[in-house]
Each structure stands twice: as structure tokens, then as C-alpha cells.
Amino acid sequence: MHDNSRRKFLKQGGALLAAGTLSISVVELAFGKGSEDRFTFAYISDSHITQIKGNRFVRNWDRGLIRAVAEANLLDPRPDFVFYGGDIAQLGKPEEIDHGLEMLAGLRGKVHYVMGEHDYYLDLGDYWRKQLGPDHYSFDHKGVHFVVLNSILTHENWMHRKWDSGMDRMKQMARLDNPNGQPFMVGDTQRDWLKKDLEKVSKNTPIVVFSHSPLQKIYKGWNFWTDDAEQVQALLKPFDKVTVLYGHVHQIQTNQIGNISFQSAMATAWPWPYPATYKQQASYMPKLTVDMNRADPFFERDATGWQFIDVHSGRVDVNYLLPDNTNRTVAFDEKAGHPVDTKYQAEVNRIPPQKHY
Ligand SMILES: [Fe+2]
Ligand SMILES: [Fe+2]
């Protein structure tokens, strides 16, 4: 992106942010000063479109996605593409996937998709794949190698065990705390594929990986977790610059493990709370994210959002656009060697949460 257009982008983005009208995330990638290759893409995730009956759907979740699509279409300059981070549906029903895709069809430009567990466990992804194609693939864009993984698979014997119905299986996995569920994983087949895919990529090519669950272990009780995360990380280790972008957690998280930066996306549907056990399980979360200011659970869009992503120098800055809330930018800090919240990293700058009784 030219410097001029970059300024324009930020200016307009800033104006929209100030007006509090945006609810998506934008990711911007850039490759050094004056580089033509700097670019952005938008990232929308976790809409959880829920069918009530027939053509009636939960309005609040519809509104979150409609808003993100409308705002993504207003971005100027245009993002190079849009990425959808998974969980289009709530219970994986074709009606829910269709209704979500109908709304997403309003997006201008190319959309890439990753599969979420809510899209998968009813029919093991059959309908999703019929509509959207393969669940893992890679592509190159302006010098960056992008990889999409289906990270929400689990043990074959659990997936194929004798369930009363696909819906029975889906409901086990749709819970946040799923005592009868199973940990997510990428699995042998995709890890073999990834190994081969990366063999043809030079070590100084920036890599951006999209997954639905975090490719790191955060909290197993809520499946903020990928069981073979270390094995996937080992495949990414030889590369200079790697960023993993994931949905699923419905909250802002950042982390750095070796050369790999991790950043999450906000949901357009609802926020998940922070597990209290983050503090007890410090070893699982080396760098705690700055908490979201989640003031009012009765505010329809509070603590939801979308993001636009700026890719530069092979690093990723995530700009979180949070309706009814203060927007946030988490950017890779070369000096610190990990992503930091550009405004709220220092405790003294944080806005105390409101208390509601
Ligand atoms: Fe989700
Ligand atoms: Fe999910």
C-alpha cells in the first residue's frame, strides 16, 4: 500500500472507529518502507447463526454479522480479501449455514473460510464442504504464504462412535464446558499435508496460518485448546515470521511462542468470559492479554466485533473494531518481539470495568 493510501486508510478507519460504527477486524500486512506489497484484509468470525424454526433465526446474531459485512464493505482502500474464521452456524444445520452464507454473500471481493466446530459436528462437515470446498488449503498473496487448517477435528473413535444422532454429537461439542466432548486437533493427515506444503516455501517467506481453535494450549476445560498444537508449531518453527490467527475464543488474546505470534479474533455473536483458571494455569498462557473492557452484558453488541489486519514487514497488526466499546490495536512490536496492545498494554492506561449490580 502506498504511504498516501495508507494514511487515507488510517484516517478513514480512525473516523469510523471514533464514530464507533465498525464491528469487524482488519489485518494489515506490510513489507518495509515504501513497499508496494503492504496490504490489508478483513477478518470476520464466529457468527453462530441460530435457527429458531423455519425461516426464523436469532435476531441478535444475525445483526452482528449483517453489521460486520456492511462495515467491511465500507473500508477504503479495499481490503485485498476477507477471511471468515469459522462457526457460521450454531448447530451446523444446513439452514443456518445457508442463512449465514446468504448474509456473507453481501461482501465485496474474495472470502476465504475456515471451519469451526459448530459447522462440523452435525454431519462431520459435509454440508459446509459442499458449499465452500476443502477445509484445508494454502495460497500465496503478495509475498505471504497463507495456510488454512481445520483444527477442530478430534479422535476418530469419538467422532464415529454410536451417537443417537449427529445432533447429539453436535450438542456435546457446542457446549463451552463439554465434559463429554473431546479436545480439538489438526490430526495426522493435515499435519502431513502441512509438512509437504511448507517444503516448497522459503524460510524467510512470512507465513500466516488461519485456524479456528488456537494452535496453542490455553484452557482445556473450555476447549480453548488444540491437542497437537506443539506438533503443528514444530512444523512452523523453521520460518522467520509466523502468525497464527484464530477465532473460537470470542475474545482478544495474544501470545508469542518462539517465532510464532498468536492473535485471536472477536466474534460477531457474543463474548466468552475469561476463564478464571487462566491465573491458575499460568504455564498454559505465557503472556496474558489485556482484558477486554466488558462493561454491559445487556448491550446488544457489547464485547463483540470484527477486525481488519495490516500485514507489513511480514508481521501482522490486528485492529479490533468493537461496537459500543473502545477499539483496540494489537501490533507486533519488533523491540519486544511479540504483539502488544498499542494503547492499553500498560496497566495505567486501562479503563476500569464498570460494575453492574
Ligand atoms: Fe464460536
Ligand atoms: Fe468454535
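Computed from a predicted structure; not experimentally measured.

Undergrad: Sorry if this is basic, but what is going on with the overall build of the protein chain here?
TA: Along its length, the protein chain carries 10 helices and 16 strands. Counting the 357 residues in the protein chain, one finds 47% classified as buried. In the protein chain, the proportion of contacts linking residues at least 24 apart, taken out of those at least 6 apart, comes to 71%.

Undergrad: Quick question: what am I supposed to make of unusual backbone geometry here?
TA: Negative phi is the rule for most residues except glycine; trans is the rule for most peptide bonds. Residue Pro77 follows Asp76 across a cis peptide bond; omega there is 0°. Tracing the sequence through the fold places Pro77 in the loop between helix H2 (59-74) and strand E5 (82-84). Its identity is not glycine, yet Ala303 carries a phi of approximately 65°, on the positive side. Its location among the elements puts Ala303 in the loop between helix H10 (277-280) and strand E13 (306-312).

Undergrad: Is there a simple way to think about H2 in this case?
TA: Think of an α-helix as turning once every 3.6 residues; residues three or four places apart then point the same way. The terminal C-alpha atoms of H2 lie 23 Å apart, and with 16 residues this matches the ideal 22 Å at 1.5 Å per residue to within 8%. Looking at H2, one finds that the buried residues are Trp61, Gly64, Leu65, Arg67, Ala68, Val69, Glu71 and Ala72. As for H2, its buried residues are in contact with strand E2 (39-44), E5, helix H3 (94-104), E13 and strand E14 (315-321).

Undergrad: Looking at this structure, I do not really get the sheet that holds strand E10 (residues 242-246). What am I missing?
TA: One key point about sheets: their strands pair by backbone hydrogen bonds, in either a parallel or an antiparallel sense. Ordered in space as E7-E8-E9-E10-E12-E11, the 6 strands form an open sheet in which the pairing is mixed. The sheet terminates laterally at strand E7 (137-141) and strand E11 (254-257), the two strands that pair on one side only. Sheet twist, expressed as the average angle between the axes of neighbouring strands with direction ignored, equals 20°.

Undergrad: Please explain the pairing of E2 as it appears in this structure.
TA: Side-chain direction in a regular strand flips from residue to residue, so the side chains alternate between the two faces of the sheet. The buried fraction of E2 is high, at 6 of 6 residues. Here E2 shows two buried faces, one formed by Phe39, Phe41 and Tyr43 and the other by Thr40, Ala42 and Ile44. For E2 and E13, the ladder comprises 3 bridges, and the chain directions are antiparallel. Directly across from Phe39, in E13, lies its bridge partner Val311. Where E2 meets E5, 3 bridges bridge the pair, whose relative direction is parallel.

Undergrad: Mind showing me how you'd approach helix H9 (residues 229-236) here?
TA: Looking at H9, one finds that the buried residues are Ala229, Val232 and Leu236. Seen end-on, H9 carries its buried residues on one side only, within an arc spanning 70°. Lining the buried residues of H9 we find helix H8 (188-199), strand E9 (207-211), E10 and strand E12 (260-264).

Undergrad: What exactly am I supposed to notice about the environment of Gly247 here?
TA: Mapped onto the fold, Gly247 is located in the loop between E10 and E11. Linking Gly247 and Pro214, residues 33 residues apart in sequence, is a C-alpha distance of 7.4 Å. Those residues within four positions of Gly247 in sequence are excluded, and the remaining contacts are Ser45, Asp46, Gly85, Gly86, Asp87, Gly116, His212 and Ala265.

Undergrad: So what exactly am I meant to see when it comes to the packing of H8 against H9 here?
TA: The relative placement of two packed helices is expressed as an angle between their axes plus a distance between the axes. At a minimum axis distance of 10 Å, the contact between H8 and H9 shows a crossing angle of 10°. In terms of orientation, H8 and H9 fall into the roughly parallel class. On H9, the residues touching Arg191, Leu194, Lys195 and Leu198 of H8 are Gln231, Val232 and Leu235. Here the contact of H8 with H9 is built from residues that sort into 4 nonpolar, 1 polar and 2 charged.

Undergrad: How do you make sense of the packing of H2 against H3 when you look at a structure like this?
TA: At a minimum axis distance of 9 Å, the contact between H2 and H3 shows a crossing angle of 25°. Classified by the interaxial angle, the pair formed by H2 and H3 is roughly parallel. Relative to H3, H2 is oriented so that their crossing is right-handed. Each of Leu65, Ile66 and Val69 in H2 lies in contact with H3, whose residues at this interface are Gly100, Met103 and Leu104.

Undergrad: Is there a simple way to explain the confidence of the model for the protein chain in this structure?
TA: A low pLDDT score tells you not to read the predicted coordinates there in detail. Model confidence for the protein chain is summarised by a mean pLDDT of 86, while 82% of its residues fall at 70 or above. Counting interchain partners and residues more than four positions distant, the pLDDT-below-50 stretch residues 1-22 has 22 contacts.

Undergrad: Mind showing me how you'd approach the environment of Trp193 here?
TA: Residue placement: Trp193 occurs in helix H8. Along the primary structure Trp193 and Tyr137 are separated by 56 residues, whereas in three dimensions their C-alpha atoms are 9.1 Å apart.

Undergrad: What's the story with the pairing of E13 in this structure? I'm lost.
TA: Burial within E13 is extensive, with 7 of its 7 residues counted as buried. Neither face of E13 is exposed, since Trp306, Phe308, Asp310 and His312 on one face and Gln307, Ile309 and Val311 on the opposite face are all buried. With 7 bridges joining them, E13 and E14 adopt antiparallel strand pairing. What sits directly across from Gln307, in E14, is Tyr320. Where E13 hands over to E14, the hairpin turn is made up of 2 residues, of which Ser313 adopts a positive phi near 50°.

Undergrad: Where do I start with the environment of Asp197 in this structure?
TA: Looking at where Asp197 falls in the secondary structure, it is placed in helix H8. Since 16 C-beta atoms lie within 10 Å of it, Asp197 is described here as partly exposed. Between the C-alpha atom of Asp197 and that of Tyr137, which follows or precedes it by 60 residues, the distance is 8.9 Å. If we ignore the near neighbours within four places in the chain, the residues touching Asp197 are Ser138 and Val147.

Conventions we followed
Residues numbered from 1 in each chain as written. Chains lettered and ligands numbered in written order. Predicted model: local features only at pLDDT ≥ 70, side-chain atom pairs only at ≥ 80, totals over all residues. Helix = DSSP H or I, 4+ residues; strand = E, 2+ residues; numbered from the N terminus. Buried ≥ 20, exposed ≤ 12 C-beta atoms within 10 Å, placed from the backbone. Contact = placed C-beta atoms within 7 Å. Expected span 1.5 Å × (residues − 1). Pairing = 2+ DSSP bridges. Axes fitted to C-alpha atoms, helices over the stretch in contact; angles between N-to-C directions. Arc of directions from axis to C-beta. Parallel < 35°, antiparallel > 145°, perpendicular 65-115°, else oblique. Nonpolar A, V, L, I, M, F, W, Y, C, P; charged D, E, K, R; others polar. Left-handed = near helix turned anticlockwise from the far one by under 90°. pLDDT = per-residue confidence, 0-100.

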